[in-house]
Amino acid sequence: MLLPIHCCYLSTIVALTIFLSVRSFSDAQSCNGILVSYAYTGGSRLPPNVSNAAEQPYRFESTLTVLNNGLDELKSWKVFVGFDHDELLVSASNAVLADGTTLPAAVGNGTVFAGYPMTDLKTAVATAGDLTQMQVQINLVGTVFGVAPPSVPMPKSINLANDGFVCRASTTQGKNASSVCCTRDPKFKTNITTDEEFLPRQNGDLSIMYDVIRTYDSNYWAEVTIANHNPLGRLDNWRLSWDWMNDEFIYSMKGAYPSVVDASECLFGKQGTFYKDLDFATVLNCERRPTIIDLPPTKFNDSDLGKIPFCCRNGTILPPSMDPSMSASRFQMQVFKMPPALNRSQLSPPQNWKISGTLNPDYKCGPPVRVSPTENPDPSGLPSNKTVMASWQVVCNITTAKGTSSKCCVSFSAYYNDSVIPCKTCACGCPQNRERTCSTTASAMLLPPEALLVPYENRTAKAIAWASLKHFPVPNPMPCSDNCGVSINWHLLTDYNKGWSARVTLFNWGETNFADWFAAVQMDKAAAGFEKMYSFNATLVDGVNNTIIMQGLPGLNYLVAEADGADPLRDPRVPGKQQSVISFTKKLTPGINTVRGDGFPTKVLFNGEECSLPSVLPTSGGSWDGFSLGTSVLLSLLSFLLMR
């Protein structure tokens, strides 16, 4: 009779513990999947005291609980919490934000949490009901605005964010707690089997592998590989950052370098106290969030800093469609650990990864996910592979935040119209100075073709003179500039029975030179008729619908920065520029109407960044003049000046 009593006692303890954790015994008992619960535990008024009640800050504390009541282990758990009151999250125990954002962070539109350091939740069956392995509790502390106690700032929704799960409608317990049960979707197809030790590698625009290649009790060597998988994405002068979670620091590096070499935080911190015999004069970086940059090509053969495959390229990572050999970057670093992680098998990757570049797309990176160890060719030359000690994958995807300005813009012109439709007003952001005298809402003024060669601040006289000549209205105040570092002019050059052509001109108005630049145009109806480009290399992109990628010919693929004119005291500055003609046949695109819009791109990218397009197209009638001898003269002059 002792065994049944003991079993009953154990079951009671487990059930009671679950009840205390998730606040609802009935939910915990009835959910045969993943139970996610959220409980508001308290709050208080924060200074300062403001007159507007909607802007008064309050502290909030809550607990998010994730419990695995299913039969399968939940790997790399993720939970969405739909915060809905302009919350500012200050701290979260046992979790990080899945998009790599460092706390404190604004989460008023909702956010996804990912597990750290406990990323996987085992089952009750596999652990005999051990809640320390089945469940994770995240204590949240933050600031909310306008929700004064006793009102409760509850999220509008909570659910499991892992793929392949379906969540029921949430249930509430009073006014300060809610829970939801999520079970596996039987319709979801996956190649993951539950008995695999690691999750498979995921696909994304960019992947970062964090491979531990050598490990010792107090330190380890990690190899970091950044690989570009997007056919139109790229990075220039990449900058990579992350958060150390356990007071680690970088002792040495090969293939890359910290943007700041500083060991003072270690010397005067707990690291200096623990490593008493370590020479901190040779330590590279002790920042909690270091920023890593690539080395120049001159360091590739350096015995101390280089000799790492794919390193030392000035931070340039090209799209694989452009050059597969230049689509990755790699470096190695020696990382010192701190107690209690002084064990060669106790390894933990950094969190909150962020990568950025110059005039490149914005990337959002997920949390590191443990994957099967990377295999590399055996250095001995034998026909075998050698695995690293441990591997984590960080997947980054190109994102465009709401309200984000472009970094490049496009102007349109055509053989049948004298005027150029310039880049949009404030296409790349409006001026920040409060004393501006320009209009951010007025439409950009039509220009004569030669005005494209002149910096915006020198175009006013030409724009006004052109408006007077063509009887166009002149806004008061004048429209603000496009503020773009790079602009592209697409000029419809010819149109005849069997084909047509366009002239593409790139202008660099910034101070940065672009080596190995590329541009891409999406032609919804005309791409199939692409023939050739005469001064650029160009090809249709595999796997990307109706898109043509173009780049400079070998030796001519350098778009220089803006420079002074011939007489700096009198002449305006001159943009870096490159130009080519692109031709199309109509044989494969019957019915195409270039004048009505088919001859203009619907999307343009420069170095992976999507450019702002005009909202109108050149017309051959109406208020604008048609093709004339004057148009021919101006266009010829423009071509002559560009080719100088």
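Small disclaimer: the values here were computed from a predicted structure and weren't measured.

## Re the state of the cysteines
Formally, a disulfide is one covalent bond, and it connects the sulfur atom of one cysteine to the sulfur atom of another.
Reasoning step 1: Here the structure, examined in full by the defined rule, presents 10 disulfides.
Reasoning step 2: A sulfur-sulfur separation of 2.0 Å characterises the disulfide bridge that pairs Cys167 with Cys182. Sign of the S-S torsion, about 100° for the bond between Cys167 and Cys182, identifies this disulfide as right-handed. Highlighted residues: Cys167 in strand S10 (residues 165–167) and Cys182 in strand S12 (residues 177–184), separated in sequence by 15 residues.
Reasoning step 3: Of the residues examined, Cys167 reaches a relative accessible area of 27% and is grouped as partly exposed.
Reasoning step 4: Note that Cys409 is cross-linked by a disulfide to Cys423, the S-S spacing being 2.2 Å. One disulfide, between Cys409 and Cys423, carries an S-S torsion of 80° and so falls in the right-handed class. With Cys409 in strand S26 (residues 408–414) and Cys423 in the loop between S26 and helix H7 (460–470), the pair connects residues that are 14 residues apart, well separated along the chain. As far as the burial class goes, Cys409 and Cys423 line up, both buried.

## With respect to the sheet that holds strand S15 (residues 239–243)
Reasoning step 1: Spatial strand order, S17-S18-S15-S20: 4 strands in an open sheet with antiparallel pairing. For this open sheet the edge positions go to strand S17 (256–258) and strand S20 (351–356), each flanked by a neighbour on one side alone. The average undirected angle you get between the axes of adjacent strands in this sheet is 25°.

## Topic: the domain arrangement of the protein
Reasoning step 1: If you check the domain split of the protein, you get domain 1 (25–182), domain 2 (204–396) and domain 3 (406–429 + 438–610).
Reasoning step 2: Put simply, the middle of domain 2 and the middle of domain 3, counted by C-alpha atoms, are 39 Å apart.
Reasoning step 3: Listed by partner, the interface residues are 14 residues for domain 2 and 19 residues for domain 3.
Reasoning step 4: For the pair domain 2 and domain 3, the two sides together bury roughly 1300 Å², of which 67% comes from carbon and sulfur.
Reasoning step 5: Looking at the side of domain 2 facing domain 3, the largest losses of area belong to Leu232, Met322 and Leu359, adding up to 53% of the total buried there.
Reasoning step 6: Between domain 2 and domain 3 we count 1 salt bridge in total.
Reasoning step 7: Summed over the shared surface of domain 2 and domain 3, the result is 5 residue pairs in polar contact (both at pLDDT 80 or more).

## Digging into empty space enclosed by the protein
Reasoning step 1: Using the criterion set out here, one finds 4 cavities of 30 Å³ or more in the structure.
Reasoning step 2: Taken as a whole, the largest cavity holds about 50 Å³ of empty space.
Reasoning step 3: Here the residues of the lining of the largest cavity are counted per class, giving 5 nonpolar, 3 polar and no charged.

## A few points about the environment of Thr619
Reasoning step 1: Mapped onto the secondary structure, Thr619 falls in the loop between strand S37 (609–610) and helix H9 (629–642).
Reasoning step 2: Residues Thr619 and Ser345 lie 274 residues apart in sequence; the distance between their C-alpha atoms is 69 Å.

## Quick word on the pattern of salt bridges
Reasoning step 1: Evaluation of the coordinates by the stated rule reveals 15 salt bridges.
Reasoning step 2: A salt bridge links Glu61 to Arg59; its shortest N-O distance comes to 2.8 Å.
Reasoning step 3: Given a relative accessible area of 30%, Glu61 falls into the partly exposed group.
Reasoning step 4: Residue Arg59 is classed as partly exposed on the basis of its relative accessible area, which comes to 33%.
Reasoning step 5: One salt bridge connects Asp418 with Lys470, and the closest N-O pair in it is separated by 2.8 Å. Taken together, the residues span a long stretch of sequence, with Asp418 in the loop between S26 and H7 and Lys470 in helix H7 at a distance of 52 residues.
Reasoning step 6: Linked through salt bridges whose partners overlap, the residues forming this network are Glu73, Lys75 and Lys122.

## Topic: the pairing of strand S3 (residues 78–81)
Reasoning step 1: With burial as the criterion, only one face of S3 is covered, namely that bearing Val79 and Val81; the residues Lys78 and Phe80 on the opposite face remain uncovered.
Reasoning step 2: Across 4 bridges, S3 lies against strand S7 (residues 111–115) in antiparallel orientation. Note that in S7 the partner of Val79 across the bridge is Phe113.
Reasoning step 3: Bridge count for S3 against strand S9 (residues 158–160) is 3 bridges, and the pairing is antiparallel. Residue pairing for S9: Val79 is matched across the bridge by Leu160.

## Focus: the packing of aromatic side chains
Reasoning step 1: What the rule picks out here adds up to 22 aromatic pairs.
Reasoning step 2: Ring geometry for Phe249 and Phe336: centres 5.5 Å apart, planes at 15°, overall stacked. Remark: Phe336 occurs in strand S19 (residues 328–336) and Phe249 occurs in strand S16 (residues 249–254); sequence separation between them is 87 residues.
Reasoning step 3: Aromatic pair Phe514 and Phe606: ring centres 5.3 Å apart, planes at 90°, arrangement edge-to-face. Linking Phe514 in strand S29 (residues 514–515) with Phe606 in strand S36 (residues 603–606), this pair joins segments that are 92 residues apart in sequence.

## Some remarks on the sheet that holds strand S27 (residues 486–495)
Reasoning step 1: Across the sheet, 5 strands lie side by side as S26-S27-S28-S35-S31; this open sheet has mixed pairing. Every other strand in the sheet has two partners, leaving S26 and strand S31 (530–533) as the edge strands with one partner each. On average, each strand axis in the sheet is tilted by 20° relative to the strand beside it, whichever way the strands run.
Reasoning step 2: In the sheet, S26 pairs with S27 via 7 bridges, with the strands oriented parallel. Residue pairing across strands places Ser411 opposite Asn489, the latter belonging to S27.

How each quantity is defined
Residues numbered from 1 in each chain as written. Predicted model: local features only at pLDDT ≥ 70, side-chain atom pairs only at ≥ 80, totals over all residues. Heavy atoms only, no water. Disulfide = S-S within 2.5 Å. Helix = DSSP H or I, 4+ residues; strand = E, 2+ residues; numbered from the N terminus. Buried < 20%, exposed > 50% of the residue type's maximum accessible area, 1.4 Å probe, protein only. Pairing = 2+ DSSP bridges. Axes fitted to C-alpha atoms, helices over the stretch in contact; angles between N-to-C directions. Domains from an automatic or database assignment. Contact = heavy atoms within 4.5 Å. Buried area = accessible area lost by both parts, 1.4 Å probe. Salt bridge = Lys/Arg side-chain N within 4 Å of Asp/Glu carboxyl O. Polar contact = N/O pair within 3.5 Å; in protein donor to acceptor, adjacent residues only side chain to side chain. 1 Å grid on protein atoms, 1.4 Å probe; cavity = no way out; pocket = protein on both sides within 12 Å on 5 of 7 lines; lining within 4 Å. Points joined across faces, edges and corners; volume = space filled by probe spheres on them. Nonpolar A, V, L, I, M, F, W, Y, C, P; charged D, E, K, R; others polar. Phe/Tyr/Trp six-rings, centres within 6.5 Å; stacked < 30°, edge-to-face > 60°.

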